[in-house]
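Here are the chains, one letter per residue:
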Amino acid sequence: MSANLSSVLFLITGILFILALRGLSSPETSRMGNFFGITGMILAIVISILSVDIFFSNLIYFIIALSIGGIIGGIIAFKIPMTAMPQLVAGFHSLVGLAAVLVAVSAYYSPDSFGLGIFQNIKTASIIEMGLGVSIGAITFTGSIIAFMKLQGLMSGSPITFPGQHYLNAVLGILIISLIGYLIVNQSTQVFWMLIIASLLIGFLIIIPIGGADMPVVISMLNSYSGWAAAGIGFTLENTALIITGALVGSSGAILSYIMCKGMNRSFLNVILGGFGTDSVSSNTKEKTEQKPVKSGNAEDAAFLMKNASSVIIVPGYGMAVAQAQHALREMVDKLKKNEVKVSYAIHPVAGRMPGHMNVLLAEANVPYDEVFELDDINNNFANTDVAYVIGANDVTNPVAKTDPKSPIYGMPVLDVEKCKSVLFVKRSMSPGYAGVDNELFYRDNTLMLFADAKKMTEDIVKHLD
Amino acid sequence: MEIDPFIFRLSIFILSIFIGYFVVWSVTPSLHTPLMSVTNAISSVIIVGAIIASFSSIDGNSISFSNILGFIAVTLAAINIFGGFLVTQRMLQMYKKKEKKNK
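What you are looking at is a predicted structure, and each value in this text was computed from that prediction instead of being measured.

1. What about the overall build of chain B?
- Each helix and strand in chain B was counted, giving 4 helices and 0 strands.
- The order of helices and strands in chain B, counted from the N terminus, is α-α-α-α.
- Relative to the 2.2 N^0.38 estimate, which gives 13 Å for 103 residues, the radius of gyration of chain B is 20 Å and therefore markedly larger than a compact globule would have.
- Classification of the 103 residues of chain B by burial places 58% in the buried group.
- The contacts of chain B with a sequence gap of at least 6 include a subset with a gap of at least 24, amounting to 60%.
- Accessible area for chain B stands at about 4700 Å²; split by element, carbon and sulfur atoms hold 68% of it.
- Of the charged side chains in chain B, 8 are positive and 4 negative; the average position of the first set lies 36 Å away from that of the second.

2. Observations concerning the overall build of chain A
- Broken down by element type, chain A carries 19 helices and 8 strands.
- Along the three orthogonal principal directions, the C-alpha set of chain A runs to about 75 × 50 × 35 Å.
- Relative to its full complement of 466 residues, chain A shows a buried share of 57%.
- With the model as given, the accessible surface of chain A reaches about 18400 Å², and the carbon-plus-sulfur share is 62%.

3. Focus: the interface of chain A and chain B
- Each partner contributes to the interface: chain A provides 104 residues, whereas chain B provides 81 residues.
- With both chains or domains summed, chain A and chain B bury close to 8400 Å², and 77% of this area falls on carbon and sulfur atoms.
- Our count for the contact surface shared by chain A and chain B stands at 1 salt bridge.
- Between Arg-9 of chain B and Glu-238 of chain A there is a salt bridge, with the nearest N and O atoms lying 3.6 Å from each other.
- Elements that contribute at least two residues to the side of chain A that touches chain B include exactly helix H1 (3-23), helix H2 (27-51), helix H3 (56-79), helix H4 (85-109), helix H5 (111-114), helix H9 (215-237), helix H10 (240-263) and helix H16 (357-364) of chain A.
- Tallying contributions element by element places H3 of chain A first for the side of chain A that touches chain B, with 17 residues.
- Considered class by class, the residues forming the side of chain A that touches chain B number 64 nonpolar, 28 polar and 12 charged.

4. Considerations on the pairing of strand E8 (residues 447-451) of chain A
All names here are of chain A.
- Across the 5 residues that make up E8, a large majority, 4, are buried.
- Here strand E7 (residues 422-427) runs beside E8; their pairing, made up of 5 bridges, is parallel. Looking at the pairing, Phe-425 lines up with Met-449 of E8.

5. So, the side chain of Ser-344 of chain A
- Residue position: Ser-344 of chain A is located in strand E4 (residues 342-347).
- When sequence neighbours within four positions are dropped, the list of residues in contact with Ser-344 of chain A reads Val-312, Ile-313, Ile-314, Glu-371, Phe-373 and Ile-378 of chain A.

6. Details of the sheet that holds strand E5 (residues 372-374) of chain A
Residue and element names in this part refer to chain A.
- Ordered by their spatial adjacency, 6 strands build an open sheet running E5-E4-E3-E6-E7-E8, and the pairing between neighbours is parallel. Edge positions in the sheet fall to E5 and E8, since each of these pairs with one other strand and no more. Direction aside, neighbouring strands of the sheet carry axes that sit 25° apart on average.
- In terms of strand pairing, strand E6 (residues 387-391) meets E7 through 5 bridges, oriented parallel. Bridge pairing links Tyr-389 to Leu-424 in E7.
- Of the strands in this sheet, strand E3 (311-316), E6, E7 and E8 touch helix H13 (residues 299-307), which is tilted by about 145° from E7.
- In the packing of helix H15 (residues 326-338) onto the sheet, contacts are made with E3, E4 and E6, and the angle to E4 comes to roughly 145°.

7. Some points on the nonpolar core
- Counting 181 residues, the largest nonpolar core has Ile-314, Met-332, Phe-382, Tyr-389 and Ile-461 of chain A as its most contacted members.
- In terms of residues, this core owes the most to one element, H4 of chain A, which gives 15 residues.
- Residues within four places of Tyr-389 of chain A in sequence aside, it is in contact with Met-306, Ile-313, Ile-314, Val-315, Leu-329, Met-332, Leu-424, Val-426, Leu-450, Met-457, Thr-458 and Ile-461 of chain A.
- In this structure, Phe-235, Ile-243 and Ala-247 of chain A together with Phe-13 of chain B belong to the second largest nonpolar core, which totals 5 residues.

8. Some thoughts on the side chain of Gln-187 of chain A
Residue and element names in this part refer to chain A.
- Mapped onto the secondary structure, Gln-187 falls in the loop between helix H7 (165-185) and helix H8 (189-207).
- Engagement of the side chain of Gln-187 in a polar contact is seen with the backbone nitrogen of Asn-121, the distance being 3.2 Å.
- Discounting chain neighbours no more than four positions away, the residues touching Gln-187 are Tyr-108, Gln-120, Asn-121, Ile-122 and Ile-127.

9. Describing the packing of aromatic side chains
- Here the structure, examined in full by the defined rule, presents 17 aromatic pairs over all chains.
- Judged by centre distance (4.0 Å) and plane angle (5°), the rings of Tyr-108 of chain A and Phe-192 of chain A are stacked. Of the two residues, Tyr-108 of chain A sits in helix H4 while Phe-192 of chain A sits in helix H8, which places them 84 residues apart along the sequence.
- For Phe-192 of chain A, a relative accessible area of 0% translates into the label buried.
- Where Phe-235 of chain A meets Phe-6 of chain B, the ring centres are 5.8 Å apart and the plane angle is 45°; that geometry is what we call tilted.

10. A closer look at the pairing of E4 of chain A
Residues and elements named next belong to chain A.
- Burial within E4 is extensive, with 5 of its 6 residues counted as buried.
- Pairing geometry for E3 and E4, over 4 bridges, is parallel. Bridge assignment links Ser-311 to a residue of E4, and that residue is Lys-342.
- Looking at chain direction, E4 and E5 are connected through 3 bridges and run parallel. The partner of Ile-347 across the bridge, within E5, is Glu-374.
- Regarding topology, H16 serves as the crossover connection from E4 to the parallel E5, and that connection is right-handed.

11. Quick word on the environment of Ala-229 of chain A
Residue and element names in this part refer to chain A.
- Structurally, Ala-229 is set in helix H9.
- Through-space distance from the C-alpha of Ala-229 to that of Gly-97 is 6.9 Å; in sequence the pair is 132 residues apart.
- Look past the residues within four positions of Ala-229 in its chain and what remains in contact with it is Ala-100, Gly-133, Ile-136, Gly-137 and Thr-140.

12. Here's the deal with the packing of H3 of chain A against helix H4 (residues 65-94) of chain B
- Packing of H3 of chain A against H4 of chain B brings their axes to within 7 Å, and their N-to-C directions diverge by 30°. Comparing the axis directions of H3 of chain A and H4 of chain B gives the class roughly parallel. As H3 of chain A packs across H4 of chain B, the resulting crossing turns out to be right-handed.
- Here the contact of H3 of chain A with H4 of chain B is built from residues that sort into 16 nonpolar, 8 polar and 2 charged.

Analysis parameters
- Residues numbered from 1 in each chain as written.
- Chains lettered and ligands numbered in written order.
- Predicted model: local features only at pLDDT ≥ 70, side-chain atom pairs only at ≥ 80, totals over all residues.
- Heavy atoms only, no water.
- Helix = DSSP H or I, 4+ residues; strand = E, 2+ residues; numbered from the N terminus.
- Rg over C-alpha atoms; globule rule 2.2 N^0.38 Å.
- Buried < 20%, exposed > 50% of the residue type's maximum accessible area, 1.4 Å probe, protein only.
- Contact = heavy atoms within 4.5 Å.
- Areas by Shrake-Rupley, 256 points an atom, 1.4 Å probe, with all protein chains shown as cover.
- Lys, Arg positive; Asp, Glu negative; His and termini not counted.
- Charge placed at Lys NZ, Arg CZ, Asp CG, Glu CD.
- Buried area = accessible area lost by both parts, 1.4 Å probe.
- Salt bridge = Lys/Arg side-chain N within 4 Å of Asp/Glu carboxyl O.
- Nonpolar A, V, L, I, M, F, W, Y, C, P; charged D, E, K, R; others polar.
- Pairing = 2+ DSSP bridges.
- Axes fitted to C-alpha atoms, helices over the stretch in contact; angles between N-to-C directions.
- Core = buried A, V, L, I, M, F, W, Y, C linked by side-chain atoms within 4.5 Å.
- Polar contact = N/O pair within 3.5 Å; in protein donor to acceptor, adjacent residues only side chain to side chain.
- Phe/Tyr/Trp six-rings, centres within 6.5 Å; stacked < 30°, edge-to-face > 60°.
- Right-handed = clockwise from strand over helix to strand, strands pointing away.
- Parallel < 35°, antiparallel > 145°, perpendicular 65-115°, else oblique.
- Left-handed = near helix turned anticlockwise from the far one by under 90°.

That is the geometry; function is a separate question.
Have a look at this one:
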């Protein structure tokens with residue numbers, strides 16, 4: 001295939017990928033979008049195969065490699081529970097990172113096949129691009145592995161910090177930049193591998209100090225990195241499809257990181273520097289917990305309140321997913337609807353462990369997406385709603401974020417649940433949420449605490465609704 | 001003076017970042033998880049590089065170090081491509097509209 005023709009076809013691949021993302025602007029068009037994405041990918045693979053000189057022995061290995069990967073990928077895609085999506089995505093990012101590293105190493109050792117020059121005498125521009133690609137790829141690889149382990153629970157989610165951490169990272173960062181620069185004058189294998197090792201190390205080091213609940217930002221950030229790595233390789237291989245895709249993915253991940261940071265009212269730098277959530281709960285908040293009276297109720301009270309309400313807003317949080325309560329919740333909502341109660345769901349941007357996670361979990365439990373609302377769209381409705389049912393959420397409902405400038409969560413956008421006539425708060429105990437802040441909502445007159453496991457409580461309410 | 005082809009690629013790159021920026025902002029927040037899985041799948045277009053690596057040959061038929069790296073990269077990218085698109089499809093199938101009240 002001529003180079004010009006393949007370039008044009010790669011451009012079409014890029015366009016199909018843009019359409020794939022565009023399709024996600026609404027659930028109706030999204031499936032079509034995914035179809036465009038798949039078409040683009042098949043096109044890209046076919047063009048590449050037609051552009052290289054195929055020789056038989058390697059073709060067999062190639063087909064074996066593609067089949068093994070395809071089968072593993074297919075099995076994972078069908079087996080994975082929706083609650084495990086964050087670690088799946090983190091794991092997938094690590095594969096993109098590693099693939100980028102392998103391609104770059106391969107290009108380094110046989111640059112003639114890639115049209116980049118000869119071994120250890122690669123064109124200057126190409127070696128810089130290759131250095132950037134391999135470095136970002138390596139960072140994505142180890143960073144994603146740590147994120148995966150934290151999310152999967154293979155490693156403690158609490159931040160790991162040590163003295164001089166930031167200095168070490170800064171030194172490594174400078175080393176990486178210098179090594180990329182040094183590759184221009186000296187393309188020796190030592191320099192190249194030192195660059196890879198330093199990048200692998202920094203990927204590991206930048207993720208370990210970040211706490212488990214900051215993972216939505218981390219996954220989005222690594223999503224972005226995997227895109228920049230792909231773009232770096234795209235520049236090296238002078239391939240339009242890779243450059244376009246890398247840019248799309250890179251900016252997508254960056255936007256998602258921004259949205260997640262905004263949802264927590266944290267600056268990106270603050271998340272990256274890590275260590276949040278390590279400060280133990282200050283003693284005076286603990287005292288307050290003991291002093292203030294709290295109203296608590298049981299499933300029967302809750303069922304009575306909701307049955308007689310005309311509107312209910314459900315506020316689900318990650319705790320709901322942990323307790324696997326989404327199906328019971330949906331059953332409860334069905335019963336309520338039969339009683340002519342208007343039910344909607346309110347989702348906070350950081351309600352799950354990754355962007356949009358809660359929406360997927362609700363969709364899996366057959367909750368129609370047009371009953372699910374984002375924070376900005378529903379926040380004004382709490383004032384004229386009878387009951388808010390808070391299940392597995394905590395910090396995102398805390399009114400302190402609006403009132404107390406001294407609070408660590410001050411300024412974070414929260415759901416105005418306290419404006420409802422009554423609030424039902426399902427929680428196992430009075431313990432504060434992730435941010436370590438006592439939730440003022442517990443002590444309000446219109447709050448009824450339901451101390452139980454989210455799933456069990458919801459099931460009990462369902463029984464009492466009959 | 002001739003323009004370096006690198007500048008053209010850089011132009012494509014920068015313009016694509018802008019396209020990405022506007023397209024992604026128009027993605028509905030409820031589909032952010034499928035967005036992540038699909039971007040993950042499409043970034044595996046890096047398989048293009050893996051294919052070149054798999055078939056790069058220096059001295060004819062023997063399998064080189066670069067080929068082996070290529071095969072591994074093809075496997076990894078394939079996991080991502082199949083896994084990413086299929087899991088996205090699976091998620092998107094779940095998004096349903098409210099049924100008409102006719103139970």
